[in-house]
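Notes for the structure review
In case you want the letters, here they are:
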Amino acid sequence: MIVQMKKVSLIVLQNERKDALKALRKLGVLHVEEVQGGGDVLASYKDQNSKVEKALSILGEIKVGKKEKIEQTKVSRDRAVEVAKSVLALSDEKKSCFDRITSDSVELDRFSKWGEVNPADFSYLSGKNINISMFEIPAEKYGSIGDGVRTILVNKDKSQARFLVVSDSPLSANERPEGLPPEAYQVVLPRCSTKELSAEIDASRKRISEIERELMSDKKYQDAMKDSLSVIAKDIELENLYSGMGYEDKSDADGADSHSVRLSKTEPSSVPLAWLTGFVPVDSMKKFEDEARLQKWAYAASDPSEDDNVPTKLKNNKFVELIYPLTDFLGTVPGYREYDISGWFLLFFTVFFGMIFGDGGYGALVTVVGLALLLKSVAGGKKVPPVIGLVLLLGVATMVWGAVTCTWFGLTPEQLPSWIKALSVAPLSNACTDEWLPFWTTDASAGTLTTANNLQIFCFTLALVQLCVAHLKGMARYAKDKVHRLKVIGEFGSFIELIGMYWVVLSMVVSSTVFPLVGGDVYGVPAGTVSIALVLAGFLLSFVFSNYEGSVAKSVLESVKNIISVLLGVVNVFSDIVSYIRLWAVGLAGAAISNTVNTMAGPLAGRAVMFGALIVLLVFGHGLNMILNLLSVIVHGVRLNTLEFSNHLGMSWSGFKYSPFSEK
């Protein structure tokens with residue numbers, strides 16, 4: 001169920017707000033409405049958090065040998081932050097070293113065919129009025145240099161000629177002597193000698209090695225930094241609330257500020273006050289009230305209004321809570337004013353899982369994994385997490401469905417022992433090749449049903465049951481609502497429309513002979529005619545009352561305004577029921593893959609030399625099929641609960657989880 005909440009407005013003395021927040025955190029029952037704090041202290045905490053996260057990312061990228069084990073060292077939060085800063089500084093320095101190596105290597109490559117170059121030599125010669133500039137030109141153009149240009153050829157290869165130009169005065173970067181061909185370009189001197197560039201590269205490489213050793217040494221602080229993150233997160237949360245709380249300055253106590261708070265109607269508050277609002281579950285209100293009296297806090301508690309964004313707290317028994325790991329993984333939380341369908345979700349998801357996995361052998365493997373995890377937790381003296389219970393439940397459900405349908409590791413019924421075949425339910429069993437008469441007649445002329453037909457009927461019956469549950473819950477809800485009580489009739493209309501549409505689906509998808517829309521009786525009742533009548537009557541009741549807000553006329557008018565959507569709603573009922581056939585279709589696809597793997601492995605069986613290949617093929621093939629089945633469960637099994645079922649409930653999963661301000 002969804003636990004009722006109380007909206008609480010808490011007022012404390014402004015100079016005691018930090019102590020009050022610490023007491024609230026220790027109490028751990030108030031879900032505080034979101035506030036936006038600020039200030040240098042909060043910014044400092046956020047900066048520390050960012051630095052530690054980045055440092056952990058850097059250390060996490062450092063690979064350690066499989067046989068190496070780094071003993072972790074516990075340090076204080078402040079020391080962990082200092083280590084994080086050191087790691088970031090080392091990482092930046094390492095990046096700078098790599099950048100320096102890259103730029104120096106480019107420079108060396110630029111002068112690789114010039115030999116050793118030292119700008120100081122050029123400066124020395126310039127001081128002696130010998131101005132020399134370095135030039136390069138395509139080899140075939142070197143002979144076209146004018147006689148007036150004094151050059152010294154350094155070297156020449158097939159593509160380029162490198163030479164020096166001697167001039168009366170220093171040449172700027174864009175200046176060139178008269179008579180020098182345009183193909184010649186001046187080579188800019190390096191910032192230091194090529195010998196120094198090589199030395200810098202060696203020094204940078206040496207420093208990189210030193211940094212990597214230092215970073216490897218800092219890996220012993222990884223756990224301490226992870227622990228510091230939780231401490232910093234608590235500081236951020238506390239400081240955010242502290243700086244974001246509403247409060248009044250002492251100068252506002254006279255009542256000049258409209259935001260100031262008075263303790264009475266006549267007397268202004270003698271000291272500045274601070275306040276915040278949040279939500280407390282009704283079953284925790286006594287605990288909150290006792291703490292408020294102890295701390296001498298002022299507070300006001302009331303039921304949340306329609307405009308309040310109220311968190312959702314779910315409370316169920318241990319068995320129903322098995323579904324929480326899945327809903328937490330999906331991030332689905334019902335709104336505060338919606339339904340808690342945890343129990344129904346668990347029930348139908350378990351059935352869907354078993355049908356989609358569909359193979360009792362796969363279910364046995366899942367069950368074995370669940371039992372192994374359970375024994376490991378018990379042996380370690382740890383509390384068994386709900387996810388292990390969920391794995392066991394889903395494994396057993398898959399085994400049950402595999403037994404019902406006689407499906408085990410994709411083997412044909414002929415390959416299975418007789419006692420396993422005896423466990424199956426004949427109308428749904430792969431081991432049965434009989435065709436079945438509908439339960440209401442012994443006349444074969446009415447048509448027969450195959451095992452595939454029966455499985456389809458089972459899927460559509462599941463759809464009918466689950467979607468009818470949704471409208472029964474709707475009727476129960478509106479029956480308690482005095483303002484919207486007539487909406488019960490609209491929900492009843494949807495309910496009987498589903499029942500009528502169920503027969504239509506069976507006729508159109510399974511067999512029009514066995515489930516006729518025209519002619520044909522079920523125990524003397526013209527079922528097809530009745531189903532059409534139920535669809536029409538249900539549509540009419542839904543049309544008139546589904547939008548009821550105190551006036552039938554306005555409800556009808558609202559339906560008329562949305563006539564296209566209302567008409568499409570009938571089609572949606574049909575498609576929602578048909579959508580459940582995916583349970584049979586996806587299970588059938590998984591069985592086909594299992595059978596294909598077994599067929600491929602068949603020729604290898606009985607050959608000792610191919611035994612290893614046989615095992616690899618079976619493990620890989622069936623393992624891949626189990627992974628695909630798991631994805632199918634997430635896509636299809638979850639969808640039927642969160643889309644088809646939820647749409648008929650009118651749920652949008654718009655909620656967010658109750659998360660109290662606490663030490664945890």
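**Notes on the overall build of the chain**
Along the backbone of the chain there are 19 helices and 9 strands. Whereas a compact globule of 664 residues would reach a radius of gyration of roughly 26 Å, the chain reaches 39 Å, over 25% beyond that. Of all 664 residues assigned to the chain, the portion counted as buried reaches 41%. Here the contacts in the chain between residues at least 6 apart in sequence split such that 77% fall between residues at least 24 apart. Here the chain has roughly 35,900 Å² of accessible surface; of this, 59% comes from carbon and sulfur atoms.

**Brief notes about the confidence of the model for the chain**
In the predicted model, the chain carries a mean pLDDT of 88, and 95% of its residues have values of at least 70. Ranking the helices and strands of the chain by mean pLDDT puts helix α3 (residues 77-110) first, with 95, and strand β7 (residues 246-247) last, with 79. Every residue in residues 252-269 is under pLDDT 50, and counting partners more than four places away or in other chains gives 22 contacts.

**Topic: the side chain of Asn 625**
Tracing the backbone shows Asn 625 in helix α19 (residues 611-649). Residue Asn 625 is classed as buried on the basis of its relative accessible area, which comes to 2%. A polar contact is formed between the side chain of Asn 625 and the backbone oxygen of Gly 590, at a distance of 3.0 Å.

**Here we look at the sheet that holds strand β3 (residues 131-138)**
Spatially, β4-β5-β3-β6 is the arrangement adopted by the 4 strands of the open sheet, whose pairing is antiparallel. Edge positions in the sheet fall to β4 (150-156) and β6 (185-187), since each has one partner strand and no second. Across the sheet, the mean angle separating the axes of adjacent strands is 35° when strand polarity is ignored. Of the strand pairs in this sheet, β3 and strand β5 (residues 160-167) are connected by 8 bridges, and their pairing is antiparallel. Of the residues in β5, the one forming a bridge with Ile 132 is Val 166.

**Quick word on the environment of Leu 498**
For Leu 498, the location among the structural elements is in helix α14 (residues 487-510). Looking at Leu 498, the relative accessible area reads 0%, which means it is buried. Taking the C-alpha atoms as reference points, Leu 498 and Val 573, separated by 75 residues in sequence, lie 6.8 Å from one another. The residues contacting Leu 498, other than those within four sequence positions of it, are Leu 464, Leu 467, Cys 468, His 471, Val 573, Ile 577 and His 648.

**Considering a nonpolar patch on the surface**
Judged by side-chain polarity, Phe 329, Ile 593, Val 616, Phe 620, Leu 624, Ile 627, Leu 628, Leu 630, Leu 631, Ile 634 and Val 635 come together as a nonpolar surface patch covering roughly 1,000 Å² of accessible area. When residues of the nonpolar patch are assigned to their parent elements, the largest contribution, 9 residues, is made by α19. Its place among the elements puts Leu 631 in helix α19.

**Concerning the pattern of salt bridges**
For the structure shown, the criterion picks out 28 salt bridges. Two residues, Asp 157 and Lys 113, come together in a salt bridge whose shortest N-O distance is 3.6 Å. Here Asp 157, found in the loop between β4 and β5, pairs with Lys 113, found in the loop between α3 and α4 (119-127); they are 44 residues apart in sequence, far enough to count as distant. When salt bridges with common partners are traced through the structure, they connect Glu 93, Arg 207, Glu 210 and Glu 214 into a single cluster.

**A short note on the packing of α14 against helix α17 (residues 563-578)**
Relative orientation of the contacting elements α14 and α17 amounts to 60°, with a least axis distance of 9 Å. Accordingly, the angle class assigned to the pair α14 and α17 is oblique. Crossing handedness for the pair α14 and α17: right-handed. Residues Glu 497, Leu 498, Met 501, Tyr 502, Val 504, Val 505, Met 508 and Val 509 of α14 pack against Val 570, Val 573, Phe 574, Ile 577 and Val 578 of α17.

**Some words on the packing of aromatic side chains**
By the definition in use, this model includes 16 aromatic pairs. Relative to Tyr 580, the ring of Phe 352 lies with its centre 6.1 Å away and its plane at 70°, an arrangement referred to as edge-to-face. Taken as a pair, Phe 352 in helix α9 (residues 342-357) and Tyr 580 in the loop between α17 and α18 (582-601) lie far apart in primary sequence, 228 residues in all. Tyr 580 matches Phe 352 in its accessibility class, with the two residues each being buried. Members of the aromatic cluster, connected to one another through ring pairs, are Trp 344, Phe 348, Phe 352, Tyr 580 and Phe 645.

**Description of helix α7 (residues 285-295)**
All of the buried residues in α7 are Met 285, Phe 288, Glu 291 and Ala 292. Angular distribution of buried residues about the axis of α7 spans 130°; they occupy a single face of the element. Residues of α7 that are exposed and point over 90 degrees away from its buried face: Lys 286, Arg 293 and Leu 294. Looking at the buried positions of α7, the neighbouring elements they touch are β1 (5-13), α1 (17-27), β8 (273-281) and β9 (298-302). Following α7 by one or two positions, Lys 296 has its phi on the positive side, about 60°.

Rules of the game
Residues numbered from 1 in each chain as written. Predicted model: local features only at pLDDT ≥ 70, side-chain atom pairs only at ≥ 80, totals over all residues. Heavy atoms only, no water. Helix = DSSP H or I, 4+ residues; strand = E, 2+ residues; numbered from the N terminus. Rg over C-alpha atoms; globule rule 2.2 N^0.38 Å. Buried < 20%, exposed > 50% of the residue type's maximum accessible area, 1.4 Å probe, protein only. Contact = heavy atoms within 4.5 Å. Areas by Shrake-Rupley, 256 points an atom, 1.4 Å probe, with all protein chains shown as cover. pLDDT = per-residue confidence, 0-100. Polar contact = N/O pair within 3.5 Å; in protein donor to acceptor, adjacent residues only side chain to side chain. Pairing = 2+ DSSP bridges. Axes fitted to C-alpha atoms, helices over the stretch in contact; angles between N-to-C directions. Patch = residues over 30% accessible without salt bridge, like charges linked within 9 Å, V, L, I, M, F, W, Y side chains within 5 Å. Salt bridge = Lys/Arg side-chain N within 4 Å of Asp/Glu carboxyl O. Parallel < 35°, antiparallel > 145°, perpendicular 65-115°, else oblique. Left-handed = near helix turned anticlockwise from the far one by under 90°. Phe/Tyr/Trp six-rings, centres within 6.5 Å; stacked < 30°, edge-to-face > 60°. Arc of directions from axis to C-beta.

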